[in-house]
Structures are given as C-alpha cells and as structure tokens.
Amino acid sequence: MMVGATLQLKMLLLPVWASMLFMGFLSVVGMEPTEGAKSDSEYPPNTEPPPSSSGSNCSEMTLKLEFKTKTVEHEYIIGFTGYFSAKARRLYISSALRNAGDRALEWHIVPRENPAADFPSDFELVHIRLASPSSLLTLEDHPYIKRVTPQRKVFRKLKYVPSPEPSAPCNATRGTQSWQSSRTFRRTSLSLSSGFWHATGRHSSRRLLRAIPRHVAQILQADVLWQMGHTGAGVKVAVFDTGLSEKHPHFKNVKERTNWTNEKTLDDGLGHGTFVAGVIASMRECQGFAPDSELHIFRVFTNNQVSYTSWFLDAFNYAILKKIDVLNLSIGGPDFMDHPFVDKVWELTANKVIMVSAIGNDGPLYGTLNNPADQMDVIGVGGIDFEDNIARFSSRGMTTWELPGGYGRVKPDIVTYGSGVRGSGMKEGCRSLSGTSVASPVVAGAVTLLASTVQNRDLVNPASMKQALMRRPAGCRESTCSSRATGS
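Note that the coordinates shown come from a computational prediction; the quantities given were computed from them, not determined experimentally.

Caption draft 1: Just the overall build of the protein chain, in detail. On a plain count of helices and strands, the protein chain comes out with 13 helices and 14 strands. Residue burial in the protein chain is summarised as follows: out of 488 residues, 59% are buried. Taking the contacts inside the protein chain whose residues are at least 6 apart along the sequence as the reference set, 81% of them involve residues at least 24 apart.

Encoded structure:
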C-alpha cells in the first residue's frame, strides 16, 4: 500500500526531516549563511582533481561545477512525432528537403553508434551545410517532423576545492561502531508508534555528529529497512554520469554499463560517477542506500567533460526502453532552453521514470538553478551540512525554464546532506565530497530503497514518490518542520 510506503520513507528520512527545510520556508529564516562561511569562488579556480583514495584516509573536498553550452555549427536535431525506424526517418527527411527546392543543399545523417541505434527513435541528427531558414521551415512542415533544433555541445568542468571544515578519516570505524551500538530501536513491524518520531537514535551532540565519518545512509536510518530485509533488490537505478570501472570492488549488481560518448572507454576517468554510484549502491566501506539494486551505468560525459544533446536523448530513450525505475543526474544537462532535452525529461516522467537531479552549486544567490532539476516533474535536490544548515553553495529558486510562457516556482523540492558525505573512490577506498551532486544520489538512493519496499510497484511513480518525500510527517509541528505545495 502507498500508505505503508510513505511510512517507510518517513522512517528513513525522519532524522533530518526537521532540517530538510524547503526553500519557501528558508527564505524567512535560516537562509543566510553563517558568519565566516566561504563561497566556492573564494578558492583557487584551477585546483586539480585529487587522486582516488586508496589508503586509510582521504581529504574532504567541495565539488564546484562550471557550465557552458554552445550550438554546433551545421548540426540539427530533427524531432519526429513518434518513434520510427532509421529507414523511415531518412525517408521523411529526404522527402522534406526535396520539397525545399534547394538542389544545392548538402546534408547527411550523422551516425550515432550506441546501444540505442538498434531500436526505433524519435529524432535524427543531421548535418546540413548552409541551411537557409526556408529549408528548416520546410522540414518542420513535414507531417511527421515535430521540431528542428540546433545540436548543443555541453561543457562541464569539475573542480575539487578544499573544504573549509576538517574531515574525519574516511576509513575510520570507531564512530560508525558507536553509532550502530547506540541504536535502541529494533522493529520488525511497520506499525509505528508516536514514540518513534522522538526516539530515532540520533546523536543529540552536533559536535559528535560532525566528528564521525559521514555514513549518510545510516544517519538517515537506512539500516532500519536493511534489518527488515529491504536493500533495493528489484529496482533498476540508472546513474547518468562519467562512468564506472568494470571491476570496482564496491559494487555487486552492475547490470549494464553503456557508453553514449565518442570515447572508447566505459571507465570513469574523473571519479565523479563512481562516487555518485557509491552513495546509491556501494556494498562495502562507504555503504550506499541500496546495495542490492540493479545498477545501470550510463556514461554521458567524456573525460574531457563534454557532452551533446543527442547523447542525452539516445540515453534517455534507452532508459525508457529498459524500464528504469530511478534515474540520478548529478552533473546536470543542457540548459532549460534546449527544447528536445526538456521535452524528453517530460517523456521520462510519463514513462514512470523517477528522475532525481542536483539543483546546482551556484548559491547563495537566487535564480541559479540547474536544468533538469528546475523542471516541475524532476525531484530537484539541494544541500545541507551535518549541522542542518543550508549549504552556502546550494543553488535556489525561482525557476526560469517555464518563462516567459509560464511562471516561476520555488526550488529545490527537498534538501538533504550534501556536505562532507562519503562515497566510493575512483578505483577503491572512499573519499569525502561536498556539493548538490552529492546530495542528489542521497535522495536517489533513499528513493531506490523505498521503492524496493513496495510490493505493488504500479504505485511507485514520480508523482507518488515526490509526494511521499515532501509530505509533512504525522504529528509534525510547524515550528519543527516545513512543507509546501509544488503543484505536483
């Protein structure tokens, strides 16, 4: 039952429910950074990424993202009204361009060699040299062609800068053992008494909580569900990021690794995708939320940190085909004016794919949201630290992608721990990172774990999951927690 699913989600997230302050509430109290807080921009801009942690310790770093996009000359994404074979798509394009009457027009279909190439598609990538506006209009006049849009190239530069706060040793265990042994709550039934909400086993000392290693899954009480036998089994979760090494020791259920880039490797050369996958599904050391989930790795960014709209569209289509349940996109994609990308996100939601995305690290200014986290049907995630303060780097609303035809909404939808969180190192071991791209897999992992507890999977969809995440717990007072309507 969905009621049971909601209760289990509250059980998972309640220790920070009072601190998961939605941005509409925080605009009144608690929004301003504490005195002495440092912006990401105050650090050296060209800090090199740290090596993957393989020893007993690792440094705590804050992830900063730089983003820019540009149109690719002469390349156009031709969207169709449905899914057609490659032969049919070529026929429709050829027919439309013949009607343009420009016999000197040079064009060819750009090959796309990826796992989606064997299936029907709703778009084609075409190189048209010196295309006139009339030629493009003629293409759009074809009854099976929906839109012609320039191809976009996306540049994402990941930078790791030293965190302003010292980190505990990444592989320390003393704090973890203390945390586990301090828990008095043991329950095999989902019937919850009111005492649970006030006796979660959370440390009352904020200083002690900050000192222990950041096992975020246990801090959010994922172990309560683990003890009930729920570990994410049967849920398909996709990580759209920088890849994952084939023999990484932290993962036992990687069902598929697919490459959507023009590089001939599936390995992660940056460490970001490995870290994100670890927060969701690592089975050892820095344990993730859902170690038994079916992990699908989508490599959509190169080691040079480049991606294209067409790569995302093919990968999204493949995710729909594979019936992915949860999709995490921490790095973000093309901007909100990239119509094929935005439309495809809507289609993912219509196919019951729950998309979780980082809201961005461009705070504390407003209007700094990243796409697709700012879209209405996506769970946009912001970050807090382990003392329940909104992270200074966390972006915040209003949204802009609907304008000027729509209206702005407050975002992010939810915030969770995104500062000093532990995750998998690039080859082995653990590392500690900060950023909303860290907070996003925390929510994605929690969603994956929750979905595995629901017997009737037809009840699990983007709308029901978003409602369960954002609904105020029973007995919660206005002074201790906040929720807001989002129109979802």
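Caption draft 2: Seen up close, the sheet that holds strand E9 (residues 326-329). Pairing is parallel across the open sheet formed by seven strands, whose spatial order is E6-E7-E5-E9-E10-E11-E12. Whereas interior strands pair on both sides, the edge strands pair on one side only; in this sheet they are strand E6 (254-259) and strand E12 (414-417). Strand-to-strand twist in this sheet, taken as the mean axis angle between neighbours without regard to direction, amounts to 25 degrees. Here strand E5 (residues 236-241) pairs with strand E7 (residues 294-299) via six bridges, running parallel. Each residue of the ladder has a partner; that of Ala238, found in E7, is His296. Together, E5, E9, strand E10 (354-358), strand E11 (379-384) and E12 form the strand contacts of helix H12 (residues 436-451), whose direction differs from that of E11 by roughly 120 degrees.

Caption draft 3: Representation of the state of the cysteines in the model. Per the counting criterion, the structure on display carries one disulfide. In this model Cys286 forms its disulfide with Cys430; the gap between the sulfur atoms is 2.4 Å. One quick way to see it: the torsion about the S-S bond of Cys286 and Cys430 is about -95 degrees, and its sign makes the bridge left-handed. Of this pair, Cys286 sits in the loop between helix H9 (272-281) and E7 while Cys430 sits in strand E14 (residues 430-434), and the two are 144 residues apart along the sequence. Of the two residues, Cys286 and Cys430, neither departs from the other in class, the shared state being buried.

Caption draft 4: Seen up close, the packing of aromatic side chains. With the rule as written, the count across this model stands at 16 aromatic pairs. When the centroid spacing of 5.2 Å and the interplanar angle of 85 degrees are considered together, the rings of Phe84 and Tyr92 count as edge-to-face. Accessibility classification places Phe84 together with Tyr92 in one group, the buried group. Following the ring pairs from residue to residue traces out a cluster consisting of Phe240, Trp260, Phe298, Phe301, Phe312, Phe316, Tyr318 and Phe341. The cationic tip of Arg112 hangs over the ring face of Phe123; the distance from NZ or CZ to the ring centre is 4.0 Å.

Caption draft 5: View of the nonpolar core. Core analysis: the largest hydrophobic core is formed by 28 residues, its most contacted members being Leu295, Ile379 and Val443. Within the residue set of this core, elements represented by two or more residues are E5, H9, E7, E10, E11, H12 and helix H13 (462-470). In terms of residue count, the dominant contributor to this core is H12 (six residues). Residues Ala116, Trp260, Val300 and Phe312 belong to the second largest nonpolar core, which totals 27 residues.

Caption draft 6: Geometry of the pairing of E7. Among the six residues that make up E7, six are buried, leaving the element largely enclosed by the rest of the structure. Burial of the side chains of E7 extends over both faces: Glu294, His296 and Phe298 are buried on one face and Leu295, Ile297 and Arg299 on the other. Pairing of E6 with E7, which is carried by five bridges, proceeds in the parallel orientation. By the bridge assignment, Arg257 is partnered in E7 with Ile297. Crossover connection from E6 via H9 to parallel E7: handedness left-handed.

Caption draft 7: Geometry of the pattern of salt bridges. For the coordinates displayed, the defined rule picks out 14 salt bridges. When the shortest N-O distance is used, the salt bridge between Glu124 and Arg112 registers 2.7 Å. One end of the pair, Glu124, is in strand E3 (residues 121-129); the other, Arg112, is in the loop between strand E2 (106-109) and E3, and twelve residues separate them in sequence. We classify Glu124 as buried; its relative accessible area is 4%. Judged by relative accessible area, Arg112 falls into the buried class, the value being 17%. The closest approach of N and O atoms between Asp314 and Arg112, which form a salt bridge, is 2.7 Å. You can see Asp314 sitting in helix H10 (residues 309-321) and its partner Arg112 sitting in the loop between E2 and E3, a full 202 residues away along the chain. The exposure classification of Asp314 matches that of Arg112, with both residues buried. Salt bridges linked by common partners bring Arg89, Arg112, Glu124 and Asp314 together as one network.

Caption draft 8: Local environment of the packing of H9 against H12. Running from N to C, H9 and H12 point in directions that differ by 35 degrees, and their axes come no closer than 8 Å. Here H9 and H12 pass one another in a crossing that is right-handed. Here H9 contributes His272, Phe275, Val276, Val279 and Ile280 to the contact with H12, which in turn contributes Ser437, Val438, Pro441, Val442, Ala444 and Gly445.

Caption draft 9: Examining the pairing of E14 more closely. Burial analysis of E14 places five of its five residues in the buried class, which makes it a mostly covered element. Both faces of E14 are covered, namely the face carrying Cys430, Ser432 and Ser434 and the face carrying Arg431 and Leu433. Here four bridges tie strand E13 (residues 421-424) to E14, and the two strands are oriented antiparallel to one another. Its bridge partner being in E14, Gly423 is matched across the sheet by Arg431. Between E13 and E14, which pair antiparallel and follow one another directly, the connecting turn spans five residues, one of which, Gly429, has a positive phi of 65 degrees.

Caption draft 10: Quick look at H9. Buried residues dominate H9, accounting for ten of its ten residues. Every buried residue of H9 is accounted for by His272, Gly273, Thr274, Phe275, Val276, Ala277, Gly278, Val279, Ile280 and Ala281.

Caption draft 11: Up close: the environment of Glu294. Tracing the backbone shows Glu294 in strand E7. The contact partners of Glu294, leaving out residues within four places of it in the chain, are Gly234, Val235, Lys236, Val237, Asn253 and Lys255.

Criteria and thresholds
- Residues numbered from 1 in each chain as written.
- Predicted model: local features only at pLDDT ≥ 70, side-chain atom pairs only at ≥ 80, totals over all residues.
- Heavy atoms only, no water.
- Helix = DSSP H or I, 4+ residues; strand = E, 2+ residues; numbered from the N terminus.
- Buried < 20%, exposed > 50% of the residue type's maximum accessible area, 1.4 Å probe, protein only.
- Contact = heavy atoms within 4.5 Å.
- Pairing = 2+ DSSP bridges.
- Axes fitted to C-alpha atoms, helices over the stretch in contact; angles between N-to-C directions.
- Disulfide = S-S within 2.5 Å.
- Phe/Tyr/Trp six-rings, centres within 6.5 Å; stacked < 30°, edge-to-face > 60°.
- Lys NZ or Arg CZ within 6 Å of the ring centre and 35° of its normal.
- Core = buried A, V, L, I, M, F, W, Y, C linked by side-chain atoms within 4.5 Å.
- Right-handed = clockwise from strand over helix to strand, strands pointing away.
- Salt bridge = Lys/Arg side-chain N within 4 Å of Asp/Glu carboxyl O.
- Left-handed = near helix turned anticlockwise from the far one by under 90°.

The analysis is restricted to geometry; functional conclusions fall outside its scope.
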